[in-house]
Amino acid sequence: MVLMHACPCCAGTEACLLFPTGFAANLGTIAALCGNADTAIFSDELNHASIVDGCRLAVRQGATLQVAFLYPRP
């Protein structure tokens, strides 16, 4: 409760989610928002590992993943 009152971004809202790291935020939000069979995820091959892991978790929950942006190798 103390953290929620100390964080001005949470003021005036019904609820909020606070993640301890950017990795946890990417993993949790991508899996929660995209983890069903009606979802297609288009990803970039240069995405951060936390985004890739969030996409992989969403795929395990039924989403489809397409790596849409590939870059030429030198």
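One can find the structure itself at the top, above this paragraph.
So, here is what we can say about the structure in this document. What you see is a predicted model, and the numbers here were worked out from it, not measured in a lab. (Residues numbered from 1 in each chain as written. Predicted model: local features only at pLDDT ≥ 70, side-chain atom pairs only at ≥ 80, totals over all residues. Heavy atoms only, no water.)

For the chain, the helix and strand inventory stands at 3 helices and 2 strands. Along the chain, helices and strands appear, N-terminal first, in the series α-α-β-α-β. Relative to its full complement of 74 residues, the chain shows a buried share of 19%. Of all intrachain contacts in the chain linking residues separated by at least 6 positions in sequence, the fraction that spans at least 24 positions is 63%. For the chain, the exposed surface amounts to about 5600 Å²; the carbon and sulfur share of it is 63%. (Helix = DSSP H or I, 4+ residues; strand = E, 2+ residues; numbered from the N terminus. Buried < 20%, exposed > 50% of the residue type's maximum accessible area, 1.4 Å probe, protein only. Contact = heavy atoms within 4.5 Å. Areas by Shrake-Rupley, 256 points an atom, 1.4 Å probe, with all protein chains shown as cover.)

The pairing of strand S1 (residues 40-44) with strand S2 (residues 64-69) spans 5 bridges and is parallel. What sits directly across from Asp44, in S2, is Phe69. (Pairing = 2+ DSSP bridges.)

A contiguous nonpolar patch, built from Val59, Leu65, Val67 and Leu70 and spanning about 320 Å² of accessible area, is present on the exposed surface. With respect to the secondary-structure elements, Val59 resides in helix H3 (residues 49-60). (Patch = residues over 30% accessible without salt bridge, like charges linked within 9 Å, V, L, I, M, F, W, Y side chains within 5 Å. Salt bridge = Lys/Arg side-chain N within 4 Å of Asp/Glu carboxyl O.)

With respect to the element layout, Asn47 can be found in the loop between S1 and H3. Sequence spacing of Asn47 and Phe69 is 22 residues, and the spatial spacing of their C-alpha atoms is 10.0 Å.

For the coordinates displayed, the defined rule picks out 1 salt bridge. For Arg56, the salt bridge goes to Asp53, with nearest N and O atoms at 3.5 Å. In this pair, Arg56 and Asp53 are both assigned in helix H3, 3 residues apart and thus about one turn of the helix distant. Classification of Arg56 as exposed rests on a relative accessible area of 52%.

Quick look at H3 now. In a regular helix each residue adds 1.5 Å, so 12 residues correspond to 16 Å; H3 covers 17 Å between its end C-alpha atoms and thus fits that length. Buried within H3 we find Ser50, Gly54, Cys55 and Ala58. The buried residues of H3 all sit within an arc of 140° when viewed along its axis, so they share a single face. Those residues of H3 that are exposed and aimed more than 90 degrees away from the buried face are Arg56 and Arg60. In the core, the buried residues of H3 are packed alongside helix H2 (22-34), S1 and S2. Just beyond H3, the residue with positive phi is Gly62, at close to 120°. (Expected span 1.5 Å × (residues − 1). Arc of directions from axis to C-beta.)

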